[in-house]
Amino acid sequence: MKFLFSKKSKQIEDLSEKVNRLNRQLYYNKKDDINDFISILEQIQETNNQNLQWKKRQCVINNEIDLALENYRNKILELDINA
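These figures come from a predicted structure and were not determined experimentally.

Draft legend 1. Focus on the overall build of the protein chain. Counting its secondary structure elements, the protein chain contains two helices and zero strands. For 83 residues, the compact-globule estimate of 2.2 N^0.38 gives 12 Å, and the protein chain exceeds it by more than 25% at 23 Å. When its C-alpha atoms are laid out on the principal axes, the protein chain stretches across 80 × 25 × 5 Å. The proportion of buried residues among the 83 residues of the protein chain is 7%. When the accessible surface of the protein chain is summed, it comes to about 7,800 Å², and 57% of that surface belongs to carbon and sulfur atoms.

Draft legend 2. Quick look at the layout of surface pockets. Considered as a void within the structure, the largest pocket measures approximately 170 Å³ in volume. Lining the largest pocket are L26, N29, K30, D33, K75, E78, L79 and N82. Of all the secondary structure elements, the ones that give two or more residues to the lining of the largest pocket are α1 (2-49) and α2 (54-82). Class assignment of the residues belonging to the lining of the largest pocket gives a composition of two nonpolar, two polar and four charged.

Parameters and conventions
Residues numbered from 1 in each chain as written. Predicted model: local features only at pLDDT ≥ 70, side-chain atom pairs only at ≥ 80, totals over all residues. Heavy atoms only, no water. Helix = DSSP H or I, 4+ residues; strand = E, 2+ residues; numbered from the N terminus. Rg over C-alpha atoms; globule rule 2.2 N^0.38 Å. Buried < 20%, exposed > 50% of the residue type's maximum accessible area, 1.4 Å probe, protein only. Areas by Shrake-Rupley, 256 points an atom, 1.4 Å probe, with all protein chains shown as cover. 1 Å grid on protein atoms, 1.4 Å probe; cavity = no way out; pocket = protein on both sides within 12 Å on 5 of 7 lines; lining within 4 Å. Points joined across faces, edges and corners; volume = space filled by probe spheres on them. Nonpolar A, V, L, I, M, F, W, Y, C, P; charged D, E, K, R; others polar.

Any functional reading would require information beyond the geometric quantities listed.
Next up, the structure:
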């Protein structure tokens, strides 16, 4: 009986370690995604602060937004494929 309890305890410990590892990985993945989004916003803000004509500024910002949307769509597809 003692052996069975010891074996179960080790399995629980191993599972707990795996869960903790997955949680850390998920945290860093989410953190990377948030940092990507912050970078996109900073780029748009930088473009907005540049001394450009209104039409040119609007065109550049729209291109940056389109590129960001495409990148996030690709990330979603990648997540769906890996799931």
